[in-house]
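# A structural walkthrough
Below are the chains, spelled out letter by letter.
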Amino acid sequence: LPKVKAFFTRFSKTSWKSNANTRLLSIAVDNSIQGKGYGKKLLIELEARLINANHLKYGLSVKNGNKGAITFYLKNGFQKERSDAKSSYFLKVIK
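Residues numbered from 1 in each chain as written. Predicted model: local features only at pLDDT ≥ 70, side-chain atom pairs only at ≥ 80, totals over all residues. Heavy atoms only, no water.

## Description of the pattern of salt bridges
Scanning all chains against the criterion turns up 3 salt bridges. The shortest N-O distance in the salt bridge between Arg49 and Glu45 comes to 2.7 Å. Linking Arg49 with Glu45, this pair stays in helix α1 (residues 38–52), spanning 4 residues, or about one helical turn. On the basis of relative accessibility, which here comes to 54%, the residue Arg49 falls in the exposed class. Salt-bridge contacts for Arg82 lead to Asp84; the nearest nitrogen and oxygen are separated by 3.9 Å. For Arg82, a relative accessible area of 29% corresponds to the partly exposed category. Its relative accessible area of 32% is what places Asp84 among the partly exposed residues. (Salt bridge = Lys/Arg side-chain N within 4 Å of Asp/Glu carboxyl O. Helix = DSSP H or I, 4+ residues; strand = E, 2+ residues; numbered from the N terminus. Buried < 20%, exposed > 50% of the residue type's maximum accessible area, 1.4 Å probe, protein only.)

So, in structure tokens, the structure goes:
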């Protein structure tokens with residue numbers, strides 16, 4: 001996919017208990033091509049790889065001011081786990 005990036009990692013220790021042991025650290029789609037389905041395609045590819053690795057849920061965090069990203073993740077099946085003063089934390093269970 002052009003101009004898109006995603007990074008994810010597994011983690012074992014956090015300062016709070018999440019229901020996911022895999023977290024998406026970053027996803028970015030160049031502003032010039034946003035709204036054309038590339039972010040969704042990227043999530044679909046990521047989730048196929050996670051399913052292959054038997055990771056059936058993953059989480060991520062978004063700064064509270066990033067309303068576009070929050071809307072995107074909710075639209076793509078994420079559930080809010082919690083929020084604090086700076087960020088909201090989301091979880092998605094995949095097939």
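That shown, we press on.
## Observations concerning the layout of surface pockets
By volume, the largest pocket is sized at about 490 Å³. Ile27, Val29, Ala69, Phe72 and Tyr73 are, among the 25 residues lining the largest pocket, the residues nearest its centre. Residue assignment for the lining of the largest pocket shows that the elements contributing at least two residues are β2 (22–29), α1, β3 (57–63) and α2 (67–75). When residues in the lining of the largest pocket are grouped by element, the largest group, 6 residues, is from β2. (1 Å grid on protein atoms, 1.4 Å probe; cavity = no way out; pocket = protein on both sides within 12 Å on 5 of 7 lines; lining within 4 Å. Points joined across faces, edges and corners; volume = space filled by probe spheres on them.)

## A few points about α1
Note: α-helices contain 3.6 residues per turn, so residues at a spacing of three or four share the same orientation. A rise of 1.5 Å per residue sets the reference length of α1, with its 15 residues, at 21 Å; its end C-alpha atoms lie 21 Å apart and thus fit the reference within 8%. Every buried residue of α1 is accounted for by Gly39, Leu42, Leu43, Leu46, Glu47 and Leu50. All buried residues of α1 project into a common sector of 130 degrees when viewed along the axis, lining one side. Set apart from the buried face of α1 by more than 90 degrees, the exposed residues are Arg49 and Asn52. (Expected span 1.5 Å × (residues − 1). Arc of directions from axis to C-beta.)

## Description of the side chain of Asn76
Here Asn76 shows up in the loop between α2 and β4 (79–83). Asn76 sits in the buried class, given a relative accessible area of 10%. From its side chain, Asn76 meets the backbone oxygen of Phe72 in a polar contact 2.8 Å long. Here Asn76 is in contact with Lys40, Leu43 and Lys92, once residues within four sequence places are set aside. (Polar contact = N/O pair within 3.5 Å; in protein donor to acceptor, adjacent residues only side chain to side chain. Contact = heavy atoms within 4.5 Å.)

## Notes on the nonpolar core
Leu24, Tyr58, Leu60, Val62, Tyr73, Phe78 and Phe90 are the most contacted members of the largest nonpolar core, which totals 13 residues. Of all the elements in the fold, those that place two or more residues in this core are α1, β3 and α2. Those residues in contact with Val62, other than ones at most four positions away along the chain, are Ala69, Ile70, Tyr73, Lys86, Ser87, Ser88 and Phe90. (Core = buried A, V, L, I, M, F, W, Y, C linked by side-chain atoms within 4.5 Å.)

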